[in-house]
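Structural characterization, general
Listed below, chain by chain, are the residues.
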Amino acid sequence: MSLSSNCTVYENVPQRSEAWFKLRSGRLTASNFDRLLTPTGRKPQPKNNKERGPWGALIIELCCSFLRPDEIQWEGNRHTDRGEELEPEARDEFRKITGLTVKEVGFVLCKDGPVGCSPDGLIVDASGDYIAGLEIKCPLSKTHALYLLNGVLPDDYRQQVHGSMAVTGLRTWYFISYCRGLRPFVIKVEWDEYTDKIKEALDEFKAEYRDKYDLIMRVSYTHLRAHETRSNLVC
């Protein structure tokens, strides 16, 4: 299945650029899908009654980041820095192993709600159509070795991978873990019942977000979307 007509791909927006952070502001992105659903398919339990349900605290954070996108910071560490450094190397290794054509993109945004993802690559066919996605991780050697022995998609990235399929509509997503000196770990993930669950959760989240946004913000969500469309921020 090809890319969903419900999403827009920003091909020329470099990840971690100012424009990329602006696109992400106020939106639930794949790196936070673990706050949407657990690896077993359940909604997270609120820590206390002040969180206003399983997604209350998350929605408040997103609304406020729409107001002040300049407050969004990339909270990386030495491990994420290492991953960013090795990502091009890992992408090339994936190309060699699979023979697939990988296109780098900036961001994929749903048209019907504040949800998106930043794939580490999208797979294209001979016609240039998107047919699958790619998630790259470059962990420490002991973590990578465990992935090799287990031979399955790590639970830590289950929501991110399946959620990215739900956002894009693509039925296949590849996962590669790369560590210099060790065998690369590549797995092909297909749309399944868990993807259905996370898609249902995303649709429910979009509706709840719109309702709470209108209660919190001065400008309604509908007016915000209209302004963004006129400003060519979203399609």
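Presented here is a report on the structure given in the accompanying data block. Since the structure is predicted, the reported quantities are computational estimates derived from the model, not experimental observations.

1. Quick notes on the pattern of salt bridges
Here the structure, examined in full by the defined rule, presents 13 salt bridges. Residues lysine 103 and glutamate 11 are paired through a salt bridge, measuring 3.2 Å at the closest nitrogen-oxygen approach. Of this pair, lysine 103 sits in strand S3 (residues 101–103) while glutamate 11 sits in the loop between strand S1 (7–10) and helix H1 (18–24), and the two are 92 residues apart along the sequence. Among the salt bridges present, the one from aspartate 203 reaches lysine 206, with a minimum N-O distance of 3.9 Å. Of the two residues, aspartate 203 and lysine 206 both sit in helix H6 (residues 193–216), 3 residues apart, roughly one turn of that helix. Relative accessible area serves as the criterion here: at 34%, aspartate 203 is assigned to the partly exposed category.

2. As for the environment of phenylalanine 33
By the element assignment, phenylalanine 33 lies in the loop between strand S2 (28–29) and helix H2 (56–67). As for phenylalanine 33 and leucine 202, which are separated by 169 residues in sequence, their C-alpha atoms are 9.0 Å apart. Those residues in contact with phenylalanine 33 that sit more than four places away from it in its chain are Leu28, Val115, Gly116, Gln159, Gly163, Ser164, Val167, Ile198 and Leu202.

What counts and what doesn't
- Residues numbered from 1 in each chain as written.
- Predicted model: local features only at pLDDT ≥ 70, side-chain atom pairs only at ≥ 80, totals over all residues.
- Heavy atoms only, no water.
- Salt bridge = Lys/Arg side-chain N within 4 Å of Asp/Glu carboxyl O.
- Helix = DSSP H or I, 4+ residues; strand = E, 2+ residues; numbered from the N terminus.
- Buried < 20%, exposed > 50% of the residue type's maximum accessible area, 1.4 Å probe, protein only.
- Contact = heavy atoms within 4.5 Å.

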